[in-house]
Amino acid sequence: MSDYKLGLDYALKQDQNDTLRPYRNLFHIPKDKNGNDLIYMTGNSLGLQPKQTKSYVNQELDDWASLGVEGHFEAKNPWLKYHEFLTEQMAEMVGAKPIEVIVMNTLTANLHFMMASFYQPTTSRYKILIESDAFPSDKYAVESQLRHHGFDHKDGLVLWKPRKGEELLNYEDLENILEEQGTEIALIMIGGVNYYTGQFFDLKRITALGHNHGCIVGFDCAHGAGNVALNIHDSGADFAAWCTYKYLNSGPGSLAGCFVHEKHAHRKDLNRFAGWWSHNKETRFNMRGEFDQLPGAEGWQLSNPPILSMAAIKSSLDVFTKVGMEALTEKSKKLTGYFEFLLKNLGEDFIRIITPSQPEERGCQLSIQVKNANKSLHHKLTEAGVVSDWREPDVIRCAPVPLYNSFEDVYRMVEKLKAILND
Ligand SMILES: *Cc1c(COP(=O)(O)O)cnc(C)c1O
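How each quantity is defined
- Residues numbered from 1 in each chain as written.
- Predicted model: local features only at pLDDT ≥ 70, side-chain atom pairs only at ≥ 80, totals over all residues.
- Heavy atoms only, no water.
- Domains from an automatic or database assignment.
- Contact = heavy atoms within 4.5 Å.
- Buried area = accessible area lost by both parts, 1.4 Å probe.
- Salt bridge = Lys/Arg side-chain N within 4 Å of Asp/Glu carboxyl O.
- Polar contact = N/O pair within 3.5 Å; in protein donor to acceptor, adjacent residues only side chain to side chain.
- Helix = DSSP H or I, 4+ residues; strand = E, 2+ residues; numbered from the N terminus.
- Near = heavy atom within 4 Å.
- Areas by Shrake-Rupley, 256 points an atom, 1.4 Å probe, with all protein chains shown as cover.
- Nonpolar A, V, L, I, M, F, W, Y, C, P; charged D, E, K, R; others polar.
- Core = buried A, V, L, I, M, F, W, Y, C linked by side-chain atoms within 4.5 Å.
- Buried < 20%, exposed > 50% of the residue type's maximum accessible area, 1.4 Å probe, protein only.
- Pairing = 2+ DSSP bridges.
- Axes fitted to C-alpha atoms, helices over the stretch in contact; angles between N-to-C directions.
- Phe/Tyr/Trp six-rings, centres within 6.5 Å; stacked < 30°, edge-to-face > 60°.

**Regarding the domain arrangement of the protein**
- Here the protein is described as being made up of domain 1 (8–37 + 324–422) and domain 2 (58–321).
- The centre of domain 1, based on its C-alpha atoms, is set 29 Å off from the matching centre of domain 2.
- On the side of domain 2, 19 residues touch domain 1, which itself brings 28 residues to the contact.
- Overall, the association of domain 1 and domain 2 removes approximately 1,900 Å² of surface from exposure, summing both partners, and the carbon and sulfur fraction of that is 56%.
- Between R352 and E167 there is a salt bridge, and its shortest N-O distance comes to 2.8 Å.
- Run the count over domain 1 and domain 2 and you get 8 residue pairs in polar contact (both at pLDDT 80 or more).
- The greatest single-element share of the side of domain 1 that touches domain 2, amounting to 3 residues, is contributed by helix α12 (residues 325–345).

**Section: the site of the ligand**
- Residues in contact with the ligand, as listed here, are L107, T108, F135, D138, D220, A222, H223, Y245 and K246.
- In this structure, Y245 approaches the ligand through a side-chain N or O atom, which is 2.5 Å from an oxygen atom.
- When the ligand sits alone it has 390 Å² of accessible area, and the protein chains cover 84% of it.
- For the shell around the ligand, a count of residues per class yields 4 nonpolar, 2 polar and 3 charged.

**Overview of the nonpolar core**
- Residues W160, I206, W242 and L403 are the most contacted members of the largest nonpolar core, which totals 66 residues.
- When residues are assigned to domains, this core turns out to be shared by domain 1 (8–37 + 324–422) and domain 2 (58–321), each giving three or more.

**Remarks on the sheet that holds strand β10 (residues 366–370)**
- Judged by pairing direction, the sheet is antiparallel, and its 4 strands sit side by side in the order β9-β10-β13-β12 without closing on themselves. In this open sheet, the two strands that pair with only one neighbour each are β9 (351–353) and β12 (389–391). The average undirected angle you get between the axes of adjacent strands in this sheet is 30 degrees.
- Sheet topology note: the β10/strand β13 (residues 395–398) ladder contains 4 bridges and is antiparallel. Bridged to Q369 within β13 is V395.
- This element, helix α13 (residues 375–383), spans β10, β12 and β13 of the sheet and lies at about 175 degrees to β12.

**Remarks on the pattern of salt bridges**
- Tallied over the entire structure, the rule returns 21 salt bridges.
- Its salt-bridge partner being K418, residue E415 comes within 3.5 Å of it at the nearest N-O pair. Placement of the pair is E415 and K418 together in helix α14 (residues 407–422), with a separation of 3 residues, close to one helical turn.
- Each of R24, K31, D37 and D409 takes part in one network of salt bridges that share partners.

**Some details on the packing of aromatic side chains**
- Here the structure, examined in full by the defined rule, presents 17 aromatic pairs.
- Measuring from ring centre to ring centre gives 6.2 Å for F118 and W300, while their planes differ by 20 degrees; the resulting arrangement is stacked. Separated by 182 residues along the polypeptide, F118 in helix α5 (residues 107–118) and W300 in the loop between β8 (256–260) and α11 (307–323) bring together distant segments of the chain. Each of the two residues, F118 as well as W300, counts as buried.
- Judged by centre distance (5.6 Å) and plane angle (50 degrees), the ring pair of Y338 and F407 falls under tilted.

**Describing the environment of Q16**
- Mapped onto the secondary structure, Q16 falls in helix α1 (residues 8–17).
- Given a relative accessible area of 59%, Q16 falls into the exposed group.
- When the C-alpha atoms of Q16 and S406 are compared, they prove to be 9.9 Å apart, with 390 residues separating the residues in sequence.

**Quick word on the side chain of Q89**
- Mapping Q89 onto the fold places it in helix α4 (residues 84–94).
- Polar contacts involving the side chain of Q89 include one to the side chain of D318, which spans 2.8 Å.
- At 2.9 Å, the side chain of Q89 forms a polar contact with the side chain of T321.
- When residues no more than four places from it in sequence are discounted, the contact partners of Q89 are K314, L317, D318 and T321.

In structure tokens, the structure reads:
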């Protein structure tokens, strides 16, 4: 940490020594009116487009043009099993076994399908625990699940809150909640990395705590996938879901990932919403037989999936596989540590970083609170060519993404912030 230095020279030198530097050229970097690269700090919201994605998608368009329906079998990447081409790499990405991972649907939809199976409330155990600053979609999803089962969503929702005057969540508080209400809680569903604070939770610890109290434990890993080493299998979590358009650079609204722990792979007692794609592949097209459920996460699919979206995911996963999560997180820690160093140098009187300072407890995002700031600060940053994200009341979220952001990006971003603050 203490090795970081001020000044542009230091940033340029770090970029020169960065073995991942060539990867930036594999991405389209959005430009300003004059054709200069914008400082793109919102890969946590929508990841940038890998240049090769166009050819991956075009391959499928071409096969569709020339083969029509035969593309299901005859395409270069036969559509019938296209999702299988993604499974191993996606499993590797989140630290899971292939049987535990499937790419399907969208994120909130997957959370609902997982809850259809894993939220089975009884009159005495029916509550759902989430973090108090959960992503709104997750909150709405669990509230609607409570109502769907006939419970009052206010009574049924248990919030894990930060202590007064703090933003980050404390594990002792979770332990206390579970001591007090554990027997009433059916499901714990937490964002693996909180979208607002950037806090990366100890998934294993939360899962063990939940399981000790007889709760099912699931994670929303939207801000974790492609950002941190999730090791979902080892966490022991029952299920997880994540989108692919944030750190996974697979395009707006692209399909989502879903994890179901191996221990549930062959269970037939679980309630599930099924479709023809949940059915045994060998007999799927016989069309008239009894439902024969596929084992593993694949058995939660419903529909034949959108190939064009999966082609974009394949393109992105090929980039990630080349880099490897280990090299990626190593650079990420350096780059975000450097960002933190420069921000702190601006003066801790008016800049406060609410993201944890321990590298193990965060990914690349820093959530920055600027004293007396309002949304005009965000406008000024945008005008200065910095693409960042404003969250009411006073937080700027910035994510230097190790795949395509440089030390120079970070340096220039902080210089621009400094100029605005001194204005
Ligand atoms: C981005 C995000 C979502 C968005 O859900 P979609 O169903 O993909 O629109 C939901 N939850 C979390 C935690 C997110 O970060």
